[in-house]
Amino acid sequence: LNEGRFEQLAIAEYGKVLQIAPRSAGALSNRGLLYHTLRKYDLAIADFTQAIAINPANPAFLRNRALSYRMIRRFDLAIADYRSALAVTQDAEGRKLTEELLAQLGAGA
């Protein structure tokens, strides 16, 4: 009934946070996830891109942007992001996940 209403409210709140702290990579990434949920992939990609510019060593930001790229069928960009995520991923579980995501796209690490 109210599909997307809570996401829209949360997006508005993150907008307020970003007015106060425009370089909050976490807020940008979280808002990007909400946009992704609403299938607003271009807005999600824009937020993830800003988060990555602030903190390029966060593999979650790269994997999340890759997922949005996959949804708009930009597989080349998704593969590039997964490879970048793999390069900065320290933990074995995160590396395994990223390698599996690359394999789903027919790309090796």
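Observations concerning unusual backbone geometry
It is generally the case that most residues other than glycine have a negative phi and that most peptide bonds are trans.
Right, so step 1: The backbone of Arg-39 sits at a positive phi, close to 65°, despite the residue not being glycine.
Right, so step 2: With respect to the helices, strands and loops of the structure, Arg-39 is situated in the loop between α2 (25-37) and α3 (41-54).
Right, so step 3: Since its relative accessible area comes to 63%, Arg-39 is described here as exposed.
Right, so step 4: One non-glycine residue, Arg-73, lies in the positive phi region at around 65°.
Right, so step 5: Of note, Arg-73 is situated in the loop between α4 (59-71) and α5 (75-88).
Right, so step 6: Accessibility expressed as a relative area gives 63% for Arg-73, which makes it exposed.

A word on the side chain of Thr-98
Right, so step 1: With respect to the helices, strands and loops of the structure, Thr-98 is situated in helix α6 (residues 92-104).
Right, so step 2: A relative accessible area of 0% means that Thr-98 is categorised as buried.
Right, so step 3: Of note is the side chain of Thr-98, whose polar atom sits 3.1 Å from the side chain of Arg-63.

Cut-offs applied
Residues numbered from 1 in each chain as written. Predicted model: local features only at pLDDT ≥ 70, side-chain atom pairs only at ≥ 80, totals over all residues. Heavy atoms only, no water. Helix = DSSP H or I, 4+ residues; strand = E, 2+ residues; numbered from the N terminus. Buried < 20%, exposed > 50% of the residue type's maximum accessible area, 1.4 Å probe, protein only. Polar contact = N/O pair within 3.5 Å; in protein donor to acceptor, adjacent residues only side chain to side chain.

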